[in-house]
Amino acid sequence: MEGPRVRGWALRALCPEGVPAAPLAAALSLMFCEAFANAACLTFLGFLVLDFGMTDKTEEVGFYVGFLSLAFFGVQFLGSFAIGFVSDKLGRKPVLLAGAAWSGVFALLFGFSFNYWYALAIRAGTGVFNINSGVVKSFLGDISTTGDRVKVFSDLCLTTAIASITGSYLGGWLSRPAVQYPKVFGGSRFFKTFPFFLPNFVCFLLCVTAFVLAWRFIGGAKANPEVELQNLKKEDPPGEDLLDEQSDDLATVATTVLQPPSENESSACEQPMPSPLHN
């Protein structure tokens with residue numbers, strides 16, 4: 001009986017009650033792809049600079065790797081606000097699907113890099129639509145309540161960490177197979193020409209899987225600006241009864257102070273006050 005109990009506890013911990021499990025898994029798969037691709041690329045960018053002959057001095061490799069990273073993250077920064085605005089207008093699903101498809105195609109194109117300048121252009125193109133992280137967070141906010149978001153965003157951090165670990169490992173393990181595994185791939189002209197194809201092909205397969213999951217399980221409704229208000233209405237915040245009592249007391253005091261005076265009080269107020277000079 002311990003096994004089912006542990007599995008049930010783990011499921012409740014990863015997917016809070018009230019949060020749909022399938023859309024949550026689909027959104028996390030999109031986040032996994034982005035984090036995996038970024039971690040995998042960072043493991044072989046230095047070798048890419050050396051293999052494509054940009055420099056033969058190891059102390060200059062960081063200079064060229066910096067431009068490869070700048071091309072991706074700079075374009076991603078410039079487009080993030082526009083993509084967030086589009087997701088508010090058109091809905092989360094179209095933007096998430098476009099981001100997954102775009103990332104998959106450009107991951108495959110990056111695997112066919114044959115010189116530094118081609119790789120630089122592809123990295124810049126990847127950053128145009130590789131901004132699912134912000135839209136995924138917005139989508140998770142749409143499907144969760146304020147009480148569930150701590151667990152939901154913990155799942156997001158856990159997914160990113162796992163993707164970064166596996167991406168770093170596989171990126172280094174699969175890159176340059178003709179050099180690392182000469183007995184198996186040493187005679188392959190393809191892997192000598194495209195030494196970084198395998199890790200990017202894995203990224204492509206992950207993006208295809210995430211695209212299918214997002215197409216199947218993520219709803220296509222537009223973002224509702226009143227979702228936060230609806231979530232608050234569903235919950236029972238602490239101290240609500242006390243606030244109601246205080247509101248009733250304030251209403252009673254306001255009614256007592258603002259009510260018009262009675263006839264006896266009016267006549268009493270109209271009588272002149274005796275003057276002390278007559279005494």
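Note that the structure is a prediction, hence the values are computed from the model and not measured. (Residues numbered from 1 in each chain as written. Predicted model: local features only at pLDDT ≥ 70, side-chain atom pairs only at ≥ 80, totals over all residues. Heavy atoms only, no water.)

**Some points on the pattern of salt bridges**
Then comes step 1: For the structure shown, the criterion picks out three salt bridges.
Then comes step 2: Linking Arg-176 and Asp-51 is a salt bridge whose minimum nitrogen-to-oxygen distance equals 3.0 Å. With a gap of 125 residues between them, Arg-176 in the loop between α7 (149-174) and α8 (177-180) and Asp-51 in helix α2 (residues 21-51) connect regions that are remote in the sequence.
Then comes step 3: Of the residues examined, Arg-176 reaches a relative accessible area of 17% and is grouped as buried.
Then comes step 4: For the salt bridge of Arg-92 with Asp-142, the shortest nitrogen-to-oxygen distance reads 2.8 Å. One end of the pair, Arg-92, is in helix α4 (residues 92-111); the other, Asp-142, is in helix α6 (residues 132-143), with 50 residues separating them in the sequence.
Then comes step 5: Look at Arg-92 and you get buried, because its relative accessible area is 7%.
Then comes step 6: Each member of the salt-bridge network shares a partner with another, and the members are Asp-88, Arg-92 and Asp-142. (Salt bridge = Lys/Arg side-chain N within 4 Å of Asp/Glu carboxyl O. Helix = DSSP H or I, 4+ residues; strand = E, 2+ residues; numbered from the N terminus. Buried < 20%, exposed > 50% of the residue type's maximum accessible area, 1.4 Å probe, protein only.)

**Some words on the nonpolar core**
Then comes step 1: In terms of nonpolar packing, the biggest core is built from 26 residues, with Leu-24, Leu-30, Val-136, Leu-140 and Ile-218 touching the most fellow members.
Then comes step 2: At the level of secondary structure, the elements contributing two or more residues to this core comprise α2, α4, α6, α7 and α11 (197-217).
Then comes step 3: The greatest single-element share of this core, amounting to seven residues, is contributed by α2.
Then comes step 4: In this structure Leu-140 touches Leu-24, Ala-27, Val-152, Phe-153 and Leu-156, once residues within four positions along its chain are discounted.
Then comes step 5: Among the nonpolar cores identified, the runner-up in size contains 18 residues, and Leu-45, Leu-48, Leu-120 and Phe-196 belong to it. (Core = buried A, V, L, I, M, F, W, Y, C linked by side-chain atoms within 4.5 Å. Contact = heavy atoms within 4.5 Å.)

From the geometry alone we can't say anything about function, so treat these as descriptive.
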